[in-house]
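In case you want the letters, here they are:
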Amino acid sequence: MVESLPADAGDTDSNPGLGGSRVLRSGWAREPQLLSLRVWSLYSATREMAVPGFTLGAFILLLLVSSVANYPNGKVTKSCRGMIPKHGQTPQSDPACHISVSQMTFRPGDQIKGTVLFFWGDVAKLLTYLFVCFSVTLSGPPFKGFLLEARDAENLSGPPIGSFTLIDSQVSQLLTCEDIQFSSILFQGSAVSHTSPSKKTEIKVYWNAPSSAPNHIKFLATVVEKYKIYWVKIPGPIISQPNVLPFTTPKATTAPMPTLPPVSHLTKSFNASDCGNKKFCIRSPLNCDPEKELACVFLSFTRDAKSVMVEMSGPSKGYLSFAFSHDRWMGDDDAYVCILEDQTVHIQPSHLTGRSHPVMDSRDPLEDMSWRLADGVMQCSFRRNITLPGVENRFDLNASYYIFLADGAADDGQIHKHSQQPLITYEKYNVTGYPENIGGSHSLLLLKVHGALMFVAWMTTVSVGVLIARFFKPVWSKALFGDAAWFQVHRMLMLTTSALTFIAFLLPFIYRGGWNWHAGYHPYLGCIVMILAVLQLLLAAFRPPLHDPRRQMFNWTHWSMGTAARIIAVAAMFLGMDLPGLTLPGPWKTYAMIGFVAWHVGTEIVLEVHTYRLSRKVEILDDDRIQILQSFTAAEAEGYAFKKTVLAIYVCGNLTFLTMFLSAINHL
């Protein structure tokens, strides 16, 4: 009796592109975590099927994978051929994973059952008993990813052989390597990988031998412990067909270890003395000096005959990076990253695919790499040829590009998404052409205008308009162009608010070309504010006459909708200040916004209290009508003067807060 196999749940799709805040690197590792490795050798009970020409075995891959990144779903089909993670690091030489099988022979069409067991040096002892009810536990630090394939033992660089069948599709999945074409569905699923970052103690799969299988099959596994520690093509046992000549083990069974270019230490800081003369420089703030200012973000290019010397400097606790781009959007860019790990800076060429983290490439094109850490400032430099024919993902520096500069956090050598929009040059530049001294912006003009208009509308015009309508009706009651002066001023300010809001509302859609799904609640709140602003205009257009019975309902509805719009607008501004496209420097921005709210609310409270006291003061003190009129007139005049003074002070304070935010936007 044979246990039934679960249905094949493998996913043969190629690697999907990711956008926005997705963290994508090479196909093997994404969100970094500190890991510990534990691996258990588990007993596997097997039975043989009593059918001629068909033997049931098992192939069990035992790995504990704590966190898998760059493709946490394990769809690493682009790495099938070489089985090499594109991390730009040197693979480890001593395999930490062992592969075993239940039997050493197979026939075409067979299923082979086996075990891949992890061990850690001399700390643990490996005990495996196949076909016996016995289990062994083994412990150690965990892995982050794996890829398992079967190859022709006489041609390990050839395509995967046969296919796999899953035992548990929750923890493992099938891959169909995209450079391999099969004539039958039987041969899909030619590799096995992880499915998620969840911890795994055991992964079981079956291997299906093809009808035209070679004489000898070798199982290979690539295992990633963490981003910079991985083993490539760990050799497993060789199984052979019956009655064939014994296989001769090749001399080398593991991938060659690449040699990294040497890296030296910088002895002093970069300087900007040659910017615009010998160096093409990008600086933020403009004209800052990295030798004297710790906050200076600096990038320079110095051309030699056939190469360019690159210097990059800036405050960072994780990484600094720059990229050449054909447009102002991330994607298909030539990028370079300086990553801090264990008080060492690693200089890494990379490329960007969509709105994702860089995919690390080989360091071979880089020369004369150096770095320096001092006072929280990271500096790195390297040289590369202007043209690199035949080198994938490296741009020709004789052309003009937009240049991006970004920084962010890094953990265990793996970078996180930058919290702020990269500094982007205002136009395309040729860094090997005439030396220039330029700057850039962390926010595009459309987003700056969007933020500025919203601040003007919902900090100043609407706030002053509300105060005038609430407290200044008796102060400015005289007619102006047919209506009371207070009403004309109120209407003008509210129409201005609506017009500014409408213009500002359209700008992000023009910039994005549609809806921004990565901006959190901000766009939703903005839509609500826009809707309320339009409804207020429509409501005001159909305002009933002063003594109409519906006037009271209009007044309450008008006040309620206006108050709701102001509250939601302030919440939207709070959230918008932290969005990558318009990140204002903090934490002062939060305190400034709280200060503005307190300033406005405090002003309204002062005017409310004054209005109440004035109403109590103007009362009949005696029966003398002249005395009543004189008392009322004096109190009224005194009250009007106080209100005007409060309004003047309020407007000055309001404009101060507004100027702070507009200045911050201008300096992005």
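The following refers to the structure shown. This is a predicted model, so every value here is computed, not measured. (Residues numbered from 1 in each chain as written. Predicted model: local features only at pLDDT ≥ 70, side-chain atom pairs only at ≥ 80, totals over all residues. Heavy atoms only, no water.)

Structural notes on the overall build of the chain
To keep things clear, this is the line we draw: Per the convention used, a helix needs a DSSP run of H or I reaching at least four residues, while a strand needs a run of E reaching at least two, with both numbered from the N terminus. A simple rule labels every residue: compare its accessible area, found with a 1.4 Å probe on the protein chains alone, to the largest value its type can have, and call it buried under 20%, exposed over 50%, or partly exposed in between. The contact rule is simple, with two residues in contact once any of their heavy atoms fall within 4.5 Å. Under the convention used here, a 1.4 Å probe and the Shrake-Rupley method define accessible areas, while residue burial counts only the protein chains that appear.
What the chain contains, in helices and strands, is 6 helices and 29 strands. Taking all 668 residues of the chain together, the buried fraction comes to 51%. The contacts in the chain between residues at least 6 apart in sequence include a share of 70% that link residues at least 24 apart. Carbon and sulfur atoms form 59% of the exposed surface of the chain, whose accessible area is close to 31,900 Å².

Some points on unusual backbone geometry
Looking along the chain, the bond that leaves Ser284 and enters Pro285 is cis, with omega of 0°. In this fold, Pro285 is placed in the loop between strand E13 (280–284) and strand E14 (297–303). Here the phi dihedral of Phe481 falls at roughly 55°; this positive angle occurs in a residue that is not glycine. Structurally, Phe481 can be placed in the loop between strand E28 (479–480) and strand E29 (483–484).

Here we look at the pattern of salt bridges
Basically, it comes down to this: Here, a salt bridge means any side-chain nitrogen of Lys or Arg that lies within 4 Å of a carboxyl oxygen of Asp or Glu.
Evaluated as defined, the whole model comprises 12 salt bridges. Of the charged contacts, one joins Asp334 and Arg394 as a salt bridge, the two residues approaching to 2.8 Å between their closest N and O atoms. Residue Asp334 is located in strand E17 (residues 333–341), and its partner Arg394 is located in the loop between strand E21 (377–385) and strand E22 (402–408); the two are separated by 60 residues in the primary sequence. Take Asp334 and Arg394: they sit in the same class, and that class is buried.

A few points about the pairing of strand E5 (residues 145–152)
Spelled out, the test is: Whether two strands pair depends on DSSP finding at least two bridges between them.
Taking burial as the measure, the 8 residues of E5 include 8 buried ones, the bulk of the element. Here 8 bridges tie E5 to strand E10 (residues 216–226), and the two strands are oriented antiparallel to one another. When the sheet's bridge partners are listed, Leu148 is paired in E10 with Ala221. Looking at chain direction, E5 and strand E8 (residues 191–194) are connected through 3 bridges and run antiparallel. Within the sheet, the bridge partner assigned to Leu147 lies in E8 and is Ser193.

Observations regarding the state of the cysteines
Should the sulfur atoms of two cysteines be covalently bonded, the bond is a disulfide. Defined as follows: Disulfide: a pair of cysteine sulfur atoms within 2.5 Å of each other.
Under the defined criterion, the tally for this structure stands at 3 disulfides. Each disulfide pairs two cysteine sulfurs, and for Cys275 the partner residue is Cys281, the sulfurs being separated by 2.0 Å. Across the disulfide from Cys275 to Cys281, rotation about the S-S bond amounts to roughly -80°, and the bridge is consequently left-handed. In this pair, the class of Cys275 matches that of Cys281, namely buried. Each sulfur of the disulfide joining Cys288 and Cys296 lies 2.0 Å from the other. Where Cys288 bonds to Cys296 through sulfur, the torsion about that S-S bond is close to 60°, and the disulfide is right-handed.

As for the nonpolar core
Rules: Residues enter a nonpolar core if they are buried and are Ala, Val, Leu, Ile, Met, Phe, Trp, Tyr or Cys, with the set joined through side-chain atoms within 4.5 Å.
One finds Phe455, Trp458, Leu584, Met593 and Phe661 to be the most contacted residues of the largest nonpolar core, which totals 45 residues. Counting residues per element, the ones that place at least two in this core are helix H1 (445–471), helix H2 (485–512), helix H3 (522–541), helix H4 (551–576), helix H5 (588–617) and helix H6 (625–666). Aside from chain neighbours lying at most four places away, what touches Phe661 is Phe455, Met459, Met577, Leu584, Trp588, Lys589, Ala592 and Met593. Counting 31 residues, the second largest nonpolar core, distinct from the first, contains Val308, Met312, Phe322 and Ile403.

Structural notes on the packing of aromatic side chains
Given two aromatic rings, one states the distance between the centres and the angle between the planes to describe the pair. Quick reminder of the rule: The pairing test for Phe, Tyr and Trp rings, Trp by its six-membered ring, is centres within 6.5 Å, and the orientation test on the planes gives stacked under 30 degrees, edge-to-face over 60, and tilted for anything in between.
The final tally for this structure, using the stated rule, is 24 aromatic pairs. Seen in terms of ring centroids, Tyr336 and Phe382 are 5.2 Å apart; in terms of plane orientation they differ by 25°. Their pairing is stacked. Taken together, the positions of Tyr336 in strand E17 and Phe382 in strand E21 put the pair 46 residues apart, joining distant regions of the chain. Assigned by exposure class, Tyr336 and Phe382 land together as buried. Centre to centre, the rings of Phe455 and Phe661 are 4.7 Å apart; their planes meet at 15°, and the pair counts as stacked.

Considerations on a nonpolar patch on the surface
Which entries qualify depends on this criterion: Exposure above 30% relative accessible area and the absence of a salt bridge qualify a residue for a patch, where like charges join within 9 Å and nonpolar side chains (Val, Leu, Ile, Met, Phe, Trp, Tyr) within 5 Å.
Residues Leu446, Phe502, Ile503, Leu506 and Ile510 make up a contiguous nonpolar surface patch of roughly 440 Å² in combined accessible area. Here the nonpolar patch gets 4 residues from one element, more than from any other, and that element is H2. Mapped onto the elements, Leu446 comes out in helix H1.

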